[in-house]
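Descriptive analysis of the structure
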Amino acid sequence: MSLRGAAVAVIASVLALLGAGTALAHNALTGTNPADGAQVSVGPSEIVLTFDQTVQNYEPLVTVTGPDGGRWQGSPIAVLNNTVTVPLSPLGPAGDYTVAFRIISADGHPVEGTSTFTLSAAGTGVANPDTPVAREADSGIPSWAWIVGGTVVVVLLAVGAVVSGRRREN
Ligand SMILES: [Cu+2]
């Protein structure tokens, strides 16, 4: 085999490997119902997310956040082959509703994304009581706050120990 032939063979096998990698890549969202960017006058009874590959039925997460920050998704979330379906409560205020999802892809990786639709006419629905914005505010202490707080306490204790140690020496 000539040098040039060998180079071509190497490039071909690398391309083949890359192709295999693409085929094994994690799930991609191929469609939603309502479609991303769609305008509806009445909210549908459910949201359906369709992927290019089977979704693993492991703790799927879907939230539907309305224009006022309220949550409108129902439960349970159903995973069937390559689709994820979440019941939708009757909608309230007109405006944009964002569907955010996090699923476990066929290859085991978490995949997340969003899709948005617009409600053109206000409905009479009431936002989900168990996932209101208020509940997030209640437990809204981020983990870094605990770390900073804990560090401050440790430093104060250390300073206190040093100061009291010096007093005893004097
Ligand atoms: Cu992946």
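Analysis parameters
- Per chain, residues are indexed from 1 in the order of the written sequence.
- Residues qualify for local features only when their pLDDT is at least 70, as the model is predicted, and side-chain atom pairs are given and counted only at 80 or more; totals for whole chains, interfaces and linings, by contrast, use all residues.
- Here the side-chain values reflect all heavy atoms present in the structure, with hydrogen atoms and water set aside.
- UniProt positions are given in the numbering used here, feature names are shortened, and annotations may be inferred rather than shown by experiment.
- By the convention used here, strands pair only if DSSP detects at least 2 bridges between them.
- Numbering of helices and strands starts at the N terminus; helices are DSSP runs of H or I of at least 4 residues and strands are runs of E of at least 2.
- The axes used here are C-alpha line fits, helices contributing only the stretch in contact, and every angle between their N-to-C directions lies in the interval 0 to 180 degrees.

- Looking at an unreviewed UniProt entry, one finds the chain named Copper resistance protein CopC, with Nakamurella antarctica as its source organism.
- Reading the Subcellular location (unreviewed entry) entry of the UniProt record for the chain gives the comment "Cell envelope".

Things to note about the sheet that holds strand β2 (residues 39-40)
- Pairing within the open sheet is mixed, and its four strands lie in the order β2-β8-β7-β4. Of all the strands in the sheet, the pair left with one neighbour each is β2 and β4 (56-65).
- Here β2 pairs with strand β8 (residues 110-119) via two bridges, running parallel. Among the inter-strand pairings, Val40 is bridged to a residue of β8, identified as Leu119.

What about the sheet that holds strand β3 (residues 46-51)?
- The strand order across the open sheet built from four strands is β1-β3-β6-β5, with neighbouring strands paired in antiparallel fashion. Among the strands making up the open sheet, the edge pair consists of β1 (29-33) and β5 (78-80). Between one strand and the next, the sheet's axes are offset by a mean angle of 15 degrees, whatever the strand orientation.
- Note that β3 and strand β6 (residues 83-87) share five bridges and pair antiparallel. Counted as the bridge partner of Ile47 is Val86 from β6.

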